[in-house]
Number of protein chains: 2
Amino acid sequence: MRLRTATTSDGISEQDFSLDDVPGVLWSPAGATGPRPLILLGHGGGQHKRGPGLVNRARRLVARCGFAAASIDMPGSGDRPRPPGEDRFWDEVRTRRAQGEAVADQVAEHFGELAARAVPDWKAVLDALTGLEAAGAGGPVGYWGVSLGTMIGVPLAAAEPRIEASVFGLAGPGYRGALAGAAAQLRIPVEFLLQWDDELIPRDDALALFAAFGSPDKTLHANPGRHHDVPEFELDNSERFLTRHLGS
Amino acid sequence: MRLRTATTSDGISEQDFSLDDVPGVLWSPAGATGPRPLILLGHGGGQHKRGPGLVNRARRLVARCGFAAASIDMPGSGDRPRPPGEDRFWDEVRTRRAQGEAVADQVAEHFGELAARAVPDWKAVLDALTGLEAAGAGGPVGYWGVSLGTMIGVPLAAAEPRIEASVFGLAGPGYRGALAGAAAQLRIPVEFLLQWDDELIPRDDALALFAAFGSPDKTLHANPGRHHDVPEFELDNSERFLTRHLGS
């Protein structure tokens, strides 16, 4: 893994890294040593490793909880090459939608394939980060990701026993129920965010994914508003949830 | 209003009161003066003003938030006379249920009548408490009550503009949708608790009541488990919710 020089502002160290063709960012309390929780941050669709919402969450986790945090670009996002056919795929989706055709299945299948490619990326990055002081020095690992971050995060958590607690949300059961199937395998504590007036995820779909989690300790937080309107106070809740399960 | 002598333990003052035929309890930080939030605590069915769960909540609100808290016996509960016909009503419900008949409507109607009698009780008590040092000295007022406490609390909050924020839950739309109708009138912040495996309130009924609230700021917390299994960490959440909206 290639680590670039860290920069520090407001007591928060920020450091780019790359592992093969996967670029990422690492945040941690400046000068921190010893084990602390590491939160993997999964970005949403159309976003990247340093989207504004994600950076805000990362810096809060460091400043308020003393955690480390890491994000990577999903395949085709941020600094990663856009796969051939990606633009054609979305053009076709737009055309079919304009003709009034249902595209939900097609999009869900596409994101399912993306998740299948992203899970080994995250696992390799986690291997490379483990033990680094700036990545929590072997402390417990959590995950925070909604929407696309959940479509990738749920199969990741099912495949990765190092993840001990996770915040998910804004997603349904997935293509042919694949996401619900992965969710059913989980036993870790889960906090699930649902937007009551989500224009992208039908309410019953989100409730069905929450219902599918096999975790005995799971909690659903639903708030009014559309897909991108998750209220700021849910960040407080996420931080308390992760602190409760991973320690401070 | 008749106030009995306060007793104090662990820095918490506890004081019985009665207003006409309504007996109640008041909790506050010992020796506190000046305005502080007052939380009205509505007890559940088969409970009373000093049920163990309620006393725990009251003492936590005082010790952890510095709030005052008050509870009263609902009509027919605790130290209040059981109305004539009450035992006969429940015997009939049991008989009909044993014969496999649906009793949900009958029970909901009964609780609706109870709520209609309890609302004026709470309003009169709130009038009498207002300005008392041991009742928050005119500070903002909130409400916490689930199950029967919600069946009474929702119409109370709709009728009582002094209530500025409320925790509700474990209830459906009520007899002929009466509770949903009152909920639609509310504009105050609401936190709503739902038990995913509630054996008394069908999940869709609880979701329908949450949907009915007219409050722009409302949030749903759902957790696995049966009616009486609301997890302890939701008390933390309630305290943060009430602190956020009523001040510390």
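How each quantity is defined
Residues numbered from 1 in each chain as written. Chains lettered and ligands numbered in written order. Predicted model: local features only at pLDDT ≥ 70, side-chain atom pairs only at ≥ 80, totals over all residues. Helix = DSSP H or I, 4+ residues; strand = E, 2+ residues; numbered from the N terminus. Rg over C-alpha atoms; globule rule 2.2 N^0.38 Å. Buried ≥ 20, exposed ≤ 12 C-beta atoms within 10 Å, placed from the backbone. Least-squares fit on C-alpha atoms with pLDDT ≥ 70 in both. Contact = placed C-beta atoms within 7 Å. Axes fitted to C-alpha atoms, helices over the stretch in contact; angles between N-to-C directions. Parallel < 35°, antiparallel > 145°, perpendicular 65-115°, else oblique. Left-handed = near helix turned anticlockwise from the far one by under 90°. Nonpolar A, V, L, I, M, F, W, Y, C, P; charged D, E, K, R; others polar. Pairing = 2+ DSSP bridges. Right-handed = clockwise from strand over helix to strand, strands pointing away. Core = buried A, V, L, I, M, F, W, Y, C linked by C-beta atoms within 7 Å. pLDDT = per-residue confidence, 0-100.

A few points about the overall build of chain A
Working step 1: The helix and strand tally for chain A stands at 7 helices and 10 strands.
Working step 2: Computed over its C-alpha atoms, the radius of gyration of chain A comes to 17 Å, within 12% of the 18 Å expected for a compact globule of 248 residues.
Working step 3: Its C-alpha atoms put chain A at 55 × 40 × 30 Å along the principal axes.
Working step 4: Classification of the 248 residues of chain A by burial places 44% in the buried group.

Notes on the relation of the copies chain A and chain B
Working step 1: Superposition of chain A onto chain B requires a rotation of 180° combined with a translation of 0.0 Å along the rotation axis, giving an RMSD of 0.0 Å. Such a combination of turn and shift is consistent with a two-fold rotation axis. Across chain A, the smallest distance between a C-alpha and the rotation axis is recorded for A:His221, namely 2.4 Å.
Working step 2: The residues that chain A uses at the interface reappear at the interface of chain B in 100% of cases, marking a shared surface.

Quick word on the packing of helix H3 (residues 104–129) of chain B against helix H4 (residues 148–159) of chain B
All names here are of chain B.
Working step 1: Contact geometry of H3 with H4 gives a least axis separation of 9 Å together with a crossing angle of 55°. In terms of axis orientation, H3 runs oblique to H4. Crossing angle aside, the handedness with which H3 passes H4 is right-handed. Along the contact surface, H3 presents Phe 111, Ala 115, Ala 118, Val 119, Trp 122 and Lys 123, while H4 presents Leu 148, Met 151, Ile 152, Pro 155, Leu 156 and Ala 159.
Working step 2: Among the residues making up the contact of H3 with H4, the classes are represented as 11 nonpolar, no polar and 1 charged.

A few points about the pairing of strand S9 (residues 190–195) of chain A
Along any regular strand the residues' side chains alternate between the sheet's two faces.
Residue and element names in this part refer to chain A.
Working step 1: Counting buried positions along S9 gives 6 out of 6 residues, so the element sits mostly inside the fold.
Working step 2: Pairing of strand S8 (residues 163–169) with S9 involves 4 bridges; the strand directions are parallel. By the bridge assignment, Val 167 is partnered in S9 with Glu 191.
Working step 3: Regarding the hand of the β-α-β motif, the stretch spanning S8, helix H5 (residues 178–185) and S9 is right-handed.
Working step 4: Two strands pair when backbone bridges link them, and S9 and strand S10 (residues 218–223) are joined in this way by 6 bridges, in the parallel orientation. Directly across from Leu 194, in S10, lies its bridge partner Ala 222.

Digging into helix H6 (residues 203–212) of chain A
Working step 1: Taken as a whole, H6(A) has its buried residues at A:Asp205, A:Ala206, A:Leu207, A:Leu209, A:Phe210 and A:Ala212.
Working step 2: Where H6(A) is buried, its residues meet H5, S9 and S10 of chain A.

Comments concerning the nonpolar core
One recurring pattern in soluble globular proteins: nonpolar side chains tend to sit buried together.
Working step 1: Membership of the largest hydrophobic core comes to 139 residues, with the highest contact counts inside it found for A:Ile39, A:Ala69, A:Ala70, B:Ile39, B:Ala69 and B:Ala70.
Working step 2: Broken down by element, this core gets its largest block of residues, 10 residues, from H3(B).
Working step 3: Apart from residues lying up to four places away in sequence, B:Ala69 is in contact with B:Trp27, B:Ile39, B:Leu41, B:Ala58, B:Leu61 and B:Val62.

Let's talk about the confidence of the model for chain A
Working step 1: Overall, the predicted model of chain A reaches an average pLDDT of 94, with 100% of residues at or above 70.
Working step 2: Reported for the predicted complex are a pTM of 0.90 and an ipTM of 0.83.

Topic: the pairing of strand S7 (residues 141–144) of chain A
Residues and elements named next belong to chain A.
Working step 1: Of the two faces of S7, the one holding Val 141 and Tyr 143 and the one holding Gly 142 and Trp 144 are both buried throughout.
Working step 2: Taken together, the 4 bridges between strand S5 (residues 38–41) and S7 define a ladder with parallel strand orientation. Within S7, the residue paired with Leu 40 across the bridge is Tyr 143.
Working step 3: Two strands pair when backbone bridges link them, and S7 and S8 are joined in this way by 4 bridges, in the parallel orientation. Among the inter-strand pairings, Tyr 143 is bridged to a residue of S8, identified as Ser 166.
Working step 4: Where the polypeptide runs from S7 across helix H4 (residues 148–159) and back to S8, its parallel neighbour, the crossover connection is right-handed.

Some words on the packing of H4(B) against helix H5 (residues 178–185) of chain B
Residue and element names in this part refer to chain B.
Working step 1: Relative orientation of the contacting elements H4 and H5 amounts to 40°, with a least axis distance of 8 Å. By the angle class used here, H4 and H5 are oblique. Both H4 and H5 take part in a crossing whose hand is left-handed. In this structure, H4 uses Met 151, Val 154, Pro 155 and Ala 158 to contact H5, whose residues at the interface are Leu 179, Ala 182, Ala 183 and Gln 185.
Working step 2: The residue makeup of the contact of H4 with H5, split by class, is 7 nonpolar, 1 polar and no charged.

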